[in-house]
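Each chain, written out:
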Amino acid sequence: DRQLGRLKKRTAAERRTLVEHGQEFRNWALCEQAAFESIRLAPNHPQEAREWAHLGVRIAELAPGEETWRWRLEGWARHFLANAERACNDLPAAERARARGRKLWEAGAPGDPGLLEEAWLPGLEANLRKDQRRLPEALERIDEALALAPREMRAEVLLSKSNILRRLDDPEGSTAVLLEAEPLIDAQREPRLAFGVRFNLLVDLCALGRAAEAAPRLPAVRMLAERLGEPL
């Protein structure tokens, strides 16, 4: 957290310089934190998300350890770069990053000490397939992610599944998975995730002709939106 805090105080160029010249900024945990920072920024600040994702990839390339471990780590990080490219509406770049990431991830399997959460990979691929309008593949990947996800990730994955189901014009299915996700979220600790789930639920309930159920939920969603304070 201390290293991440130092990076967050710098410009993108300064962050890259620190990683290139500072051994303390070349470790798998900081790569993971950079990837998660890109996830946090992607909905409202996609260009910044892409910068953080690129930084995570570079940290992985420079990380200490066996070459196969660096491949594994870089493959994982490149899936987050693919997500950031998707958020920037560059789907060809996103697909290239995902494909490269998958190859590295698989090549690095012999060196994997089990430190990385694998569920992120099919989950992020599912979001890309959704935007590519390859919806049957998106559903397959998101169900794979759900099968792998630990409890603390399930709400995030279920939110992604609801977005895919909405693209499939299935508000009833989307509502069901959002209701499953809602009790898994601590709104104080995860306001962005809570907002996404609760906002989507309002939309789905209205689409199902259940606006009377949606209305009492609106003030809490409005409070979350104001707390986040994001332009989008």
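Refer to the preceding data block for the structure.
Residues numbered from 1 in each chain as written. Predicted model: local features only at pLDDT ≥ 70, side-chain atom pairs only at ≥ 80, totals over all residues. Heavy atoms only, no water.

**Q** With reference to specific residues and values, describe the packing of aromatic side chains.
**A** In total, this model carries six aromatic pairs according to the counting rule given. Ring plane angle 75 degrees and centroid distance 5.9 Å describe the contact between F36 and W76, whose orientation is recorded as edge-to-face. Within this pair, whereas F36 is found in helix α3 (residues 28-41), its partner W76 is found in helix α5 (residues 67-87), the two being separated by 40 residues in sequence. Overall, F36 belongs to the partly exposed group, its relative accessible area being 32%. We classify W76 as buried; its relative accessible area is 0%. (Phe/Tyr/Trp six-rings, centres within 6.5 Å; stacked < 30°, edge-to-face > 60°. Helix = DSSP H or I, 4+ residues; strand = E, 2+ residues; numbered from the N terminus. Buried < 20%, exposed > 50% of the residue type's maximum accessible area, 1.4 Å probe, protein only.)

**Q** Go over the pattern of salt bridges with me, naming the residues and quoting the values.
**A** By the definition in use, this model includes 28 salt bridges. As a salt-bridge pair, E37 and K8 come within 3.8 Å of each other at their nearest N and O atoms. With E37 in helix α3 and K8 in helix α1 (residues 2-8), this pair connects stretches of sequence that are 29 residues apart. Relative accessible area serves as the criterion here: at 7%, E37 is assigned to the buried category. What makes K8 partly exposed here is its relative accessible area of 43%. (Salt bridge = Lys/Arg side-chain N within 4 Å of Asp/Glu carboxyl O.)

**Q** Could you give an account of helix α4 (residues 46-62), naming the residues involved and the relevant values?
**A** Here α4 is 17 residues long and its end C-alpha atoms lie 25 Å apart, about the 24 Å a rise of 1.5 Å per residue gives. Along α4, the positions that sit buried rather than exposed are A49, R50, W52, A53, L55, G56, V57, I59 and A60. For α4, the secondary structure elements touched by its buried residues are α1, α2 (12-21), α3 and α5. (Expected span 1.5 Å × (residues − 1). Contact = heavy atoms within 4.5 Å.)

**Q** Give me the environment of R70: which residues, what numbers.
**A** As for its position among the elements, R70 is in helix α5. In this structure, the C-alpha to C-alpha distance between R70 and Q23, residues 47 residues apart in sequence, is 15 Å. When sequence neighbours within four positions are dropped, the list of residues in contact with R70 reads A60, E61, L62, A63, P64 and G65.

**Q** Quick one: what's the story with the environment of A35, residue by residue and with numbers?
**A** Note on placement: A35 falls in helix α3. Excluding its chain neighbours within four sequence positions, the residues that come into contact with A35 are W76 and F80.

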